[in-house]
Every structure is written in structure tokens, then in C-alpha cells.
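Survey of secondary and tertiary structure
These are the residues of each chain, in order.
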Amino acid sequence: MSMLAPLRLLREPSNTSEGNQSNATVGAGGGWCQGLDIPNELFLALGLVSLVENLLVVAAVLKNRNLHSPTYYFICCLAVSDMLVSISNLAEMTFMLLLEHRVLVIRPSIVRHMDSVIDMLICSSVVSSLSFLGVIAVDRYITIFYALRYHSIMTLQRAVVTMASVWLASTVSSTVLVTYYRSNTILLCLISFFLFMLVLMLVVYIHMFALARHHLHSISSQQKPPTAHRGGSLKGAVTLTILLGVFFICWGPFFFNLILIVTCPTNPFCTCFFSYFNLFLILIICNSVIDPLIYAFRSQELRRTLREVVTCSW
């Protein structure tokens, strides 16, 4: 696509030569395997929307003291992670456009160095975003199942340690991934991390939904007619579907791409799937746009503060 190759291994598996990849692509399905041509303007537009959204979330949490709690600190960290996704995307696209239009002429060694820096930023944002999605799920679980003990379990000190640990782990893992990007072991670790987060969110949210459903059933059994149970269960099921559906749709293709890189890098059909890597990146950026709508803007207190931030009512 350009001189820069973000997440080099993920875009072009190292054990697939250019000739084999080309032949496999033609043999697997012709035009379908040509990939999807996504304009740079779309990357830039989504990156800017995500950046503005998540900046507003961070500003609102910092402004309102009522939002200075572990729950909103985790949401704020998720917003920062999504901002890193946007910033890395904007930096990459801007750098690519400057190079392609000869506005910026630099040595190849500097280009490779910038490539590694951007890759580290992308990997760090991916790992931290996934981590804070899991942390928010666990925090909600504690809020519901241990409501009376929440403030003794999730103290501010523990919240700070959790956030610092996530950022440290994200930085270290991104450095290792970029340094040893040709190692299947590293990719397997990343895949295992995604599967762990997926299972964690499934178990936590389904358990919370089951508890809410049981609670509504207990209430509706005491009412005549028992209509609250059906409506409440439907609303809970919709919320659960949105949470897990957005997570799986936005992150699933990217990590399925990793699985295919490890298991069948030279298979013609896998090669076809690799050609849609830019689409998988778009979905991740879309996730950073959707996250504030799911986790932040549903809060009435945060929306009120957001209006004050937008109207500059400091």
C-alpha cells in the first residue's frame, strides 16, 4: 500500500513469498481475492471522529468530581486507549500521504524507524483497549454481585494499580510484538489474549444478565399481570447482544486473520482473507468510535457534563 507497513507480519505473513501469494490469490477466486480498496480519507475521517469523541469523554471525567470513581476512571482509560488507536491511525495516514506525494523525503532507515514507532503505538492501543474492556466488565460484575462491598473491594488504590498494570503490560507486549513480529509464538500469545478477553466478557455479562432476569422474574411473579419480566428480559438481551456483538464484529476478523497467519499462511483461501486486512483495521477504528456510545454516553451524569464541556461552561 505504501512505504510504511503497519503491523508488517499481520499484513503480509513472513513465510509467504510474494510470488506464491500472488499465484494463490489468482487461484483462489480472482476478483474476490483482490481485497477491498479503502480510501485513506475514510481512515482519516473515522480517526478524527474517534479522537474527538474520546477527547470529550476524558474532558468530562476530568471536569466533574462526581465522575472521579474507579468505574469512570476505567472508562476514561478505555477512551485514552481508543484515542491512541485514532492517533496512531492519523499519524500513519499523514506520514504515508506525505511520502507518497513527495512532500516529505527522508532516508529509508528513518522510515523504518518511524514504522516501528507507529507499530508499537498501534499494538499498545490494541492491547490496552482489549484489557480495559475486560476490566470494565469485571468492574460491572463486582458492582452488581458485591454491591455492598464494592467500595471496599474496588478501592482507589487498587484501581490505580490496575490501570498502571494494564498500561505497563501494553507497553511491554507491544515492544515484544514489534521486535519479534516474525515469531508464531508471539502471535499465539496475542490470539490467546483475545480469546481470554472474549470468554471473560461472555461469562461476566451472561452471568449478570441471568441474575437480572432472575430478579425480574421474582418481581413479575408477584405482580398481576406479570409483564415486567418479559420486557425487562428483552431489554437485557438486547443490551447483552449489543455489547458482545460489537466486540466480536469489530475485533473478531482481525484476530481470525492472526489465526490464519499461524495455521495456513500459504493456503489460497487464507491468502484471500489476508487481502482484506485494511477492512479489519477499519472495524477496529469503528470500535473506538462506538465504545464511547456504549460505555460513556449512556451515563446521564456524563452527558450533562459533556454538554457543559461543549458549551465551555467551566
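Residues numbered from 1 in each chain as written. Predicted model: local features only at pLDDT ≥ 70, side-chain atom pairs only at ≥ 80, totals over all residues. Heavy atoms only, no water.

**Some words on empty space enclosed by the protein**
- Summed over all chains, the structure comprises 5 cavities of 30 Å³ or more.
- Taken as a whole, the largest cavity spans an internal volume of roughly 130 Å³.
- Around the largest cavity sit 13 residues that line it, and V85, S88, I122, L281 and I285 are the ones nearest its centre.
- Among the secondary structure elements, those contributing two or more residues to the lining of the largest cavity are α4 (70-100), α5 (108-145) and α11 (277-296).
- Of the residues belonging to the lining of the largest cavity, the class tally is 9 nonpolar, 3 polar and 1 charged. (1 Å grid on protein atoms, 1.4 Å probe; cavity = no way out; pocket = protein on both sides within 12 Å on 5 of 7 lines; lining within 4 Å. Points joined across faces, edges and corners; volume = space filled by probe spheres on them. Helix = DSSP H or I, 4+ residues; strand = E, 2+ residues; numbered from the N terminus. Nonpolar A, V, L, I, M, F, W, Y, C, P; charged D, E, K, R; others polar.)

**Concerning the state of the cysteines**
- The tally for this structure, following the rule as stated, stands at 1 disulfide.
- For C264, the disulfide goes to C270, at an S-S distance of 1.8 Å. Where C264 bonds to C270 through sulfur, the torsion about that S-S bond is close to -80°, and the disulfide is left-handed.
- Sulfur of C76: no disulfide; nearest cysteine sulfur belongs to C77 and is 6.0 Å away.
- Taking the relative accessible area as the measure of exposure, C76 reaches 10% and is therefore buried. (Disulfide = S-S within 2.5 Å. Buried < 20%, exposed > 50% of the residue type's maximum accessible area, 1.4 Å probe, protein only.)

**Quick word on helix α7 (residues 156-179)**
- End to end, α7 covers 35 Å across 24 residues, agreeing with the expected 34 Å (1.5 Å per residue, within 8%).
- Every buried residue of α7 is listed here: A159, M163, V166, S170, S174, L177 and V178. (Expected span 1.5 Å × (residues − 1).)

**Regarding the environment of F255**
- Tracing the sequence through the fold places F255 in helix α9 (residues 228-263).
- Considered as a pair, F255 and F194 are 61 residues apart in the sequence and their alpha carbons are 7.4 Å apart.
- Every residue in contact with F255, bar those within four places of it in the chain, is listed here: V126, L130, L190, I191 and F194. (Contact = heavy atoms within 4.5 Å.)

**Comments concerning the UniProt feature "transmembrane region" (unreviewed entry) in the chain**
- According to UniProt, the positions carrying the feature "transmembrane region" (unreviewed entry) are residues 42-62, 74-97, 117-138, 159-179, 185-212, 233-256 and 276-297.
- For residues 185-212, helix accounts for 100% and strand for 0%, while the C-alpha atoms at its two ends are 40 Å apart. (UniProt positions renumbered as here; feature names shortened; annotations may be inferred.)

**Looking at the packing of aromatic side chains**
- Applying the stated rule across the entire model yields 9 aromatic pairs.
- Consider the rings of F254 and F277, whose centres lie 6.1 Å apart with planes at 45°: the pair is tilted. Of the two residues, F254 is situated in helix α9 and F277 in helix α11; the sequence distance between them amounts to 23 residues.
- Among the residues examined, F277 registers a relative accessible area of 2% and is labelled buried.
- Each member of the aromatic cluster is reached from another via a ring pair, and the members are F194, F247, W251, F254, F255 and F277. (Phe/Tyr/Trp six-rings, centres within 6.5 Å; stacked < 30°, edge-to-face > 60°.)

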